[in-house]
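# Per-entry structural report
Single-letter residue listing:
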Amino acid sequence: MTRSRILTTTGVLALVGIAATVWLGLWVTPNAVNFGDLVRLLYIHPPMAWVAFLAYGMAFLSSLGYLWRRTRDPRLDRLAGASAEVGVVFTGLTLITGSIWGRPTWGVWWTWDPLLTTTALLFVLYLGYLALRRVPGDPEVVARRSAIAALIAFVDVPIVYFSVSWWRSLHQAPTVDLSGRHLYVHGSMAWTLLLGFVSFTLAYAWLTAHRYRLAALADREADEGLRQALDERRAEGEVLV
Amino acid sequence: MRDAWLVAGKDLRIEFRSRVAVNQVIPFAAAVILLFGLALGPSRQVLAPASAGLFWVAVLLSSVLVTQRSFAVEASDGARDALRLSGLDPAGIFLGKALAVAVELLALEALLTFGVAVLYGARLTGALVLFAACVAATVGLAAVGIVYGAVASGLRVRETLLPLLFLPVAAPVLLGATKAWDEALKGTPSGGLGWLSLLAVFAVLYVAIGTVAFGPLLEES
């Protein structure tokens, strides 16, 4: 009971936090010197990206825990799956909000910047991971294989980032300079950004916990269904006797 | 290590006798580079500079087929169970299968190199860098391919799942190998050395992961 109360509180706090971020971001904070109204994206875009990486980190750690024999536990597998799923949603949101930022700032929806390219590849990588998780089969087998896939995907991320940034730096001068204009975050802007980070992190915890609970219920339903079917067959046998 | 040689020998012998690689994978790769030629037009000014990238995309697509084939031979007649009961070291099985795939891919690359030179008019300079990039990239591809092949093997959706899992992870190999080849074909092979080390790091990392992870992958199902 207390657990579900904590969950509800987290959810309410997350929603209130996000609503407050929206209100502060859209109405209270001032325009930035170089960016105008665009700066308002700042309050949600970096927090979304942060949540995506946090989610993948969590999925990686729980997969690692699952693979290690002594801590192998279906709960870790569920956590990895729930976290990765939330991560994919937030990666998608990060890419979308990033594109919206990119169009007016650099004139393009997309640029082959290392961070962008890595994020896009990350999106595809973890879509593959989720596809693997959804494959029907012995839950333990799927869990173990998913854990290994999560491991490989996570190790790939720094290599991708490094290789893409090297690729870009060796090419002709980048057409779009991400670090060109400086943005000073101060006063109400800093507070709004901080609030954004906190409330999106809470939203992450809330969504992941719910997704986890759902997975646990689905597992239990499968078990109960099996038991029920066994009982029915047994009852049929007794009638015949 | 002896186990690795055994498994690699077995896989290569099967390939040699069944000729699936010769009859299907090589023609597939040839079709891919022909189609690239059609897509990018007949002009050699366009094709020659792009040949490194096109070559490696063709290799990447073919490596999906080779990996699938490597697990298809284990799928029939309970070969997978036999392999597991054989008492061979899982790490040895992994290394053996990866080695067999790498050898097949290297043979394919040799033929494709020829094809790229003829069809796209690429001038093959910096042979040493070209060759080293092939070896390093192929070991990396084979290692990732075999791990993911094992992850997807035995599942009903393996044919569609493997490319989705494998191709994004192989992105750094595509990038590194293409750049190394680019430098070599442009006549500045020393520019490719950095990329070679990236390929080597990738290969070492995934061979290590595969060696460790293959035990848990084999012990079930």
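Quick summary incoming for the structure in this document. (Residues numbered from 1 in each chain as written. Chains lettered and ligands numbered in written order. Predicted model: local features only at pLDDT ≥ 70, side-chain atom pairs only at ≥ 80, totals over all residues. Heavy atoms only, no water.)

### Some thoughts on the packing of aromatic side chains
All names here are of chain A. Scanning the model with the defined rule gives 10 aromatic pairs over all chains in all. Ring geometry for phenylalanine 60 against phenylalanine 154: centres 4.2 Å apart, planes inclined by 15°, an arrangement best described as stacked. Of this pair, phenylalanine 60 sits in helix 2 (residues 45–67) while phenylalanine 154 sits in helix 5 (residues 139–170); the two residues are 94 residues apart in sequence, bridging distant segments of the chain. For phenylalanine 60, a relative accessible area of 17% gives the class buried. Given the relative accessible area of 28%, phenylalanine 154 is considered partly exposed. Pairing tryptophan 110 with tryptophan 112 gives two aromatic rings, centres 5.9 Å apart and planes at 85°, and the pair type is edge-to-face. We classify tryptophan 110 as partly exposed; its relative accessible area is 31%. If you follow arginine 72 out to its NZ or CZ, it ends over the ring of tyrosine 66, 5.4 Å from the centre. (Phe/Tyr/Trp six-rings, centres within 6.5 Å; stacked < 30°, edge-to-face > 60°. Helix = DSSP H or I, 4+ residues; strand = E, 2+ residues; numbered from the N terminus. Buried < 20%, exposed > 50% of the residue type's maximum accessible area, 1.4 Å probe, protein only. Lys NZ or Arg CZ within 6 Å of the ring centre and 35° of its normal.)

### Some remarks on the interface of chain B and chain A
Each side of the interface is counted separately: chain B has 32 residues, and chain A has 30 residues. Contact between chain B and chain A buries roughly 2,700 Å² in total, counting both sides, with carbon and sulfur atoms accounting for 76%. Taken together, the connections running from chain B to chain A amount to zero salt bridges. Here chain B is connected to chain A by four residue pairs in polar contact (both at pLDDT 80 or more). Broken down by secondary-structure element, the contributors of at least two residues to the side of chain B that touches chain A are helix 6 (127–152), helix 7 (158–169), helix 8 (171–185) and helix 9 (193–218) of chain B. Broken down by element, the side of chain B that touches chain A gets its largest block of residues, 10 residues, from helix 9 of chain B. Taken together, the residues of the side of chain B that touches chain A break down into 24 nonpolar, three polar and five charged. (Contact = heavy atoms within 4.5 Å. Buried area = accessible area lost by both parts, 1.4 Å probe. Salt bridge = Lys/Arg side-chain N within 4 Å of Asp/Glu carboxyl O. Polar contact = N/O pair within 3.5 Å; in protein donor to acceptor, adjacent residues only side chain to side chain. Nonpolar A, V, L, I, M, F, W, Y, C, P; charged D, E, K, R; others polar.)

### Comments concerning the nonpolar core
Within the largest apolar cluster, 98 residues are counted, with the highest numbers of intra-cluster contacts made by Tyr126 of chain A together with Tyr148, Trp181, Tyr206 and Phe214 of chain B. Ranked by residues supplied to this core, first place goes to helix 6 of chain B with 16 residues. If we skip the residues at most four places from it in the chain, phenylalanine 214 of chain B touches Phe71, Pro90, Ile93, Phe94, Ile146 and Ala150 of chain B. Counting residues in hydrophobic clusters, the runner-up holds eight residues, among them Val51, Ala55, Phe90 and Tyr204 of chain A. (Core = buried A, V, L, I, M, F, W, Y, C linked by side-chain atoms within 4.5 Å.)

### Details of a nonpolar patch on the surface
Among the surface-exposed residues, Val22, Trp23, Leu26, Trp27 and Val28 of chain A lie close enough to one another that they form a single nonpolar patch of about 540 Å² accessible area. With respect to the helices and strands, tryptophan 23 of chain A occurs in helix 1 (residues 2–28). (Patch = residues over 30% accessible without salt bridge, like charges linked within 9 Å, V, L, I, M, F, W, Y side chains within 5 Å. Areas by Shrake-Rupley, 256 points an atom, 1.4 Å probe, with all protein chains shown as cover.)

### Topic: the environment of leucine 193 of chain B
Secondary-structure assignment places leucine 193 of chain B in helix 9. Spatially, the C-alpha atoms of leucine 193 of chain B and alanine 177 of chain B are 11 Å apart, while their sequence positions differ by 16 residues.

### Some points on the environment of methionine 48 of chain A
Here methionine 48 of chain A is to be found in helix 2. Beyond its immediate chain neighbours, meaning those up to four positions away, methionine 48 of chain A contacts Phe90, Leu93, Thr94, Thr97 and Phe200 of chain A.

### Points about helix 6 of chain B
All names here are of chain B. With 26 residues, helix 6 extends 36 Å between its outermost C-alpha atoms, agreeing within 8% with the 38 Å of an ideal straight helix rising 1.5 Å per residue. Along helix 6, 20 of the 26 residues are buried, which leaves the element largely enclosed by surrounding structure. Downstream of helix 6 by one or two residues, glycine 154 has phi in the positive range, about 80°. (Expected span 1.5 Å × (residues − 1).)

### As for the pattern of salt bridges
All names here are of chain A. Within the structure shown, the criterion is met by 14 salt bridges over all chains. Arginine 78 is paired through a salt bridge with aspartate 219; the nearest N and O atoms lie 2.9 Å apart. Here arginine 78 is found in helix 3 (residues 74–106), whereas its partner aspartate 219 is found in helix 6 (residues 187–240), with 141 residues between them in sequence. Take arginine 78: its relative accessible area is 15%, and that puts it in the buried class. Several salt bridges share partner residues, and in doing so they unite Glu85, Arg134 and Arg211 into one network.

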